[in-house]
Amino acid sequence: DILDMSKIEDGKLSLSHEPFYLQQALSAVTNIIYPQAAARGVDFKVSLLEVPEEELLGDAMRINQILINLLSNAVKFTPEHGKVRLDISCLRQPGHETRLQFIVSDTGCGMSEEFLKRIYEPFEQEDTIGGTGLGMPITKNLVALLNGTISVTSTVGKGTVFTVEFPIEFSESQP
């Protein structure tokens, strides 16, 4: 995390622009998150809504890094018998760019309004469960590098919802 943060701050973090299939890339995420959720007794579900099976162009590794940061936090801060969801959809609007939308929601402990104002600042943590306090600043910077947006809503004791959107291109090798 510290190395990634340093590269981001120095403008030296590069993005790839390579063909990938979203569903294949997501299997790497779910292979990491499902065992974490199971070990904590948290129900983890993934929903793909109108997600293209076509080859996309972008940085699958950075997309996965964003999702792993968000989902790992959701699992970590959700008590046993709680729920974590990842909903993915493709937003296609005629005449506009196509965007991928990822919604990570949980029934965890939630965050205070005061903390939400500082959530993307390095080394900030509301709870001392562990970690460096760099996951969210890195996530926000990666989303920005992908020309995307990230937003969060949270209620203490009820849970949190992160929404990430960014433009996506389809590979020209498609018929």
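Let us look at the structure shown here. Everything numeric here is computed off the predicted structure, so don't read it as measured data.

## Focus on the sheet that holds strand β8 (residues 169-170)
Point 1. Taken in spatial order, the 3 strands line up as β1-β3-β8 in an open sheet, and their pairing is antiparallel. Each edge of the sheet is formed by a strand with only one pairing partner; in this case those strands are β1 (18-20) and β8.

## A look at the sheet that holds strand β4 (residues 83-91)
Point 1. Spatially, the 5 strands line up as an open sheet ordered β2-β4-β5-β7-β6, and their pairing is mixed. Strands with a single pairing partner mark the edges of an open sheet, and in this sheet they are β2 (43-49) and β6 (149-155). In this sheet, adjacent strand axes meet at a mean angle of 10° when their direction is disregarded.
Point 2. The strands touched by helix α2 (residues 22-40) are β2, β4 and β5 (99-106); relative to β2, the strand with the most contacts, the crossing angle is about 165°.

## Observations regarding the side chain of Thr98
Point 1. With respect to the secondary-structure elements, Thr98 resides in the loop between β4 and β5.
Point 2. By relative accessible area, Thr98 is classed as buried at 14%.
Point 3. Once you skip the residues sitting within four places of it in the chain, Thr98 turns out to touch Cys90, Leu91, Arg92, Phe166, Pro167, Ile168 and Phe170.

The rules behind each value
Residues numbered from 1 in each chain as written. Predicted model: local features only at pLDDT ≥ 70, side-chain atom pairs only at ≥ 80, totals over all residues. Heavy atoms only, no water. Pairing = 2+ DSSP bridges. Helix = DSSP H or I, 4+ residues; strand = E, 2+ residues; numbered from the N terminus. Axes fitted to C-alpha atoms, helices over the stretch in contact; angles between N-to-C directions. Contact = heavy atoms within 4.5 Å. Buried < 20%, exposed > 50% of the residue type's maximum accessible area, 1.4 Å probe, protein only.

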